[in-house]
Amino acid sequence: MEPQKKLINSVNSCVDEALCGLVRASGGLSLLKGHRVVLRSDLDNLKGKVALLSGGGSGHEPAHGGYIGAGMLSAAVAGGVFASPPPTSILAAILALHKAGASGVLLIVKNYTGDRLNFGLAAEQARNQGVAVDMVIVAEDCAFDQPSKAGRRGLCGTVFIHKLAGALAEEGCPLDQIVSKVKEILKGIGTLGVSLSPCSVPGCLPSFDLPPGDMELGLGIHGEPGIKRSKVASADEVVKTMLDHMTNPDSQSHLPLSSGDNVVLCVNNLGALSCLEMAVVTGAALSCLENRGVVVVRVMSGAFMTSLEMAGVSLTLMKINPEILRLFDATTSAPAWPNLSSVCVSGRNYIIDSPVLTTQPQDDAHTEGPRSPVMRKVLEKICSTLLEKQEELNCLDRAAGDGDCGNTHAQAARAIQDWLRDHVVPGCPGRLLSVLAGLVQEKMGGSSGALYSLFLTAAAGHVTDGRSDAAAWASAVHAGTQAMRRYGGADPGDRTMLDALCPAVEELMKLTTAPPSGTMAVLQAAVQKAASGAEATRDLKARAGRASYIAADRVTLPDPGAVAVAAILRAVVETLEEQK
């Protein structure tokens, strides 16, 4: 089994190159020469204020470098992937902040032994050099009912601490007060993760094995397995399981949560969930909390503290009061902090009434006219023709598309037949075309439905009660075809329905000058042109539509859309011939 592919240059250089990429893309960040330390570019603004330093192993991006900026961290130290940073770099960062004139330095450390030791050692060394340093340990993991001596792990709740401590520091709050306030806030934070896949450190095999269809509850952010493995359930069920576990009073590491509590919710992508899944989980978490009577005041949803490419999510809850919310809402220039609304999430009316649409033309009452019987016969013939050709069109479509061209045309035909059964055909041809456009748009679906509906809608305005001679029909068909070309982006020669339609329309335009006695000859010629155009698509390379993605040498049958158009035209003209 080979290590998973990563889009990097080398295993050894990826951390340094990632830090360089982050810093170069953010005007507010700089690198400390000789160390994996990212700092605010405007260190002068720290004079007389407490500086905040955090850090840890790489692979959790955007943590921690993305949270550097006014109102959040002053600097962050990166270790190797999932490895604690060395004390020398931590000390270099502390001294750089001290040199910039900071009144003290607060270290925000996730509760892992390596981080505690290395940040602790650097803190002691800095104190010996006269720097006012203090340390806050974040340990808000709710996974274990009975945590071991190592205690609870530090997870995504750390980002909340960056924000709140950063806001306090920006306001000029002294170091000892920031520490005491943050320690109090930490009692009201809890996090739990779930994953559908492991992750793999560059150059290594996956951190643990998770069979397809299984999920792991309560895992850490370094690929450590969790506390419980089960089959993947729906988002609603997974979220409920997570929140039940996080708030279970029988667990020593639970977060006490009661109806009426105000919280901030963070839905954190552990790396590889799609944004669509994240939005579903976010909605599920909101509903689940609100069903318990919890008021969700703010929501963060996105990737805030990841575990490389792990397909999973963690939920963090923080109980808040007005003062915590004020600090949470304070502005920051940190690039990875989201641009959140300051409107309370729970209780907001988030649905706007849609505008009242006029009734669909196909639902209106219509009045018959002298042309109604022949138009009905034409429609009946078109529908029966398309139903007969259903399998032939599907077969042609299988060669270059998804094999459903016959089905979509048959769907439209059946919808029209159903409508004809219950309605009179309006005497005004334009009204009829509008009805057909509405039916096709609603029932046919796909790009075919949109194209036919465009054609019929554009054509409808050209044939009215007062003007429905052959010339008017010709200009209507021409207008419909132009609309198809304008919005569909195809031209004759692109192997589409236009290859049958355009030659026929060119012929039909002769109706604008032809005497009434020559009308049928023009119609018959148009049918021939459409049939020849459809047949000629055998030799064309598809340049539009789904077929354009298929290798040209594999497509040797005519285009099904063109064949359908030729069949429709033939059905129209044959019916008109029978009426003579």
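- In the annotation of an unreviewed UniProt entry, the protein chain is listed under the name Triokinase/FMN cyclase and assigned to Iconisemion striatum.
- The protein chain has a UniProt comment under Cofactor (unreviewed entry) that states "Co(2+)".
- The heading Pathway (unreviewed entry) in the UniProt record of the protein chain holds the text "Polyol metabolism; glycerol fermentation; glycerone phosphate from glycerol (oxidative route): step 2/2."

1. Some remarks on the domain arrangement of the protein chain
Reasoning step 1: With domains assigned, the protein chain is organised as domain 1 (13-329) and domain 2 (364-578).
Reasoning step 2: The C-alpha-based centres of domain 1 and domain 2 are spaced at 60 Å.

2. Some words on the nonpolar core
A general tendency of soluble globular proteins is for nonpolar side chains to be buried together.
Reasoning step 1: In this structure, Leu106, Ile178 and Met318 are the most contacted members of the largest nonpolar core, which totals 62 residues.
Reasoning step 2: Tallying contributions element by element places helix H4 (residues 157-170) first for this core, with 8 residues.
Reasoning step 3: Among all residues touching methionine 318, those that are not within four sequence positions of it are Phe160, Leu164, Ile185, Gly188, Ile189, Asn262, Val263, Val264, Ile324 and Phe328.
Reasoning step 4: In terms of nonpolar packing, the next biggest core, distinct from the first, is built from 60 residues, Leu379, Met484, Ala490 and Ala564 among them.

3. Re the sheet that holds strand E9 (residues 228-231)
Reasoning step 1: Spatial ordering of the open sheet is given by E9-E8-E7-E12-E10-E11, a layout of 6 strands whose pairing is mixed. The two strands at the open ends of the sheet, each matched to only one other strand, are E9 and strand E11 (295-302). Each neighbouring strand pair of the sheet contributes to a mean axis angle of 20 degrees, computed without reference to strand direction.
Reasoning step 2: One ladder, built from 2 bridges, connects strand E7 (residues 189-195) with strand E8 (residues 214-217); its direction is antiparallel. Note that in E8 the partner of valine 194 across the bridge is leucine 217.

4. Re helix H5 (residues 175-186)
Reasoning step 1: The first and last C-alpha atoms of H5 sit 16 Å apart over 12 residues, in line with the 16 Å expected at 1.5 Å per residue.
Reasoning step 2: For H5, the set of buried residues is Leu175, Ile178, Val179, Val182, Ile185 and Leu186. Across the axial projection of H5, the buried residues extend over an arc of 130 degrees, all falling on one side.

Calculation criteria
- Residues numbered from 1 in each chain as written.
- Predicted model: local features only at pLDDT ≥ 70, side-chain atom pairs only at ≥ 80, totals over all residues.
- Heavy atoms only, no water.
- UniProt positions renumbered as here; feature names shortened; annotations may be inferred.
- Domains from an automatic or database assignment.
- Core = buried A, V, L, I, M, F, W, Y, C linked by side-chain atoms within 4.5 Å.
- Buried < 20%, exposed > 50% of the residue type's maximum accessible area, 1.4 Å probe, protein only.
- Helix = DSSP H or I, 4+ residues; strand = E, 2+ residues; numbered from the N terminus.
- Contact = heavy atoms within 4.5 Å.
- Pairing = 2+ DSSP bridges.
- Axes fitted to C-alpha atoms, helices over the stretch in contact; angles between N-to-C directions.
- Expected span 1.5 Å × (residues − 1).
- Arc of directions from axis to C-beta.

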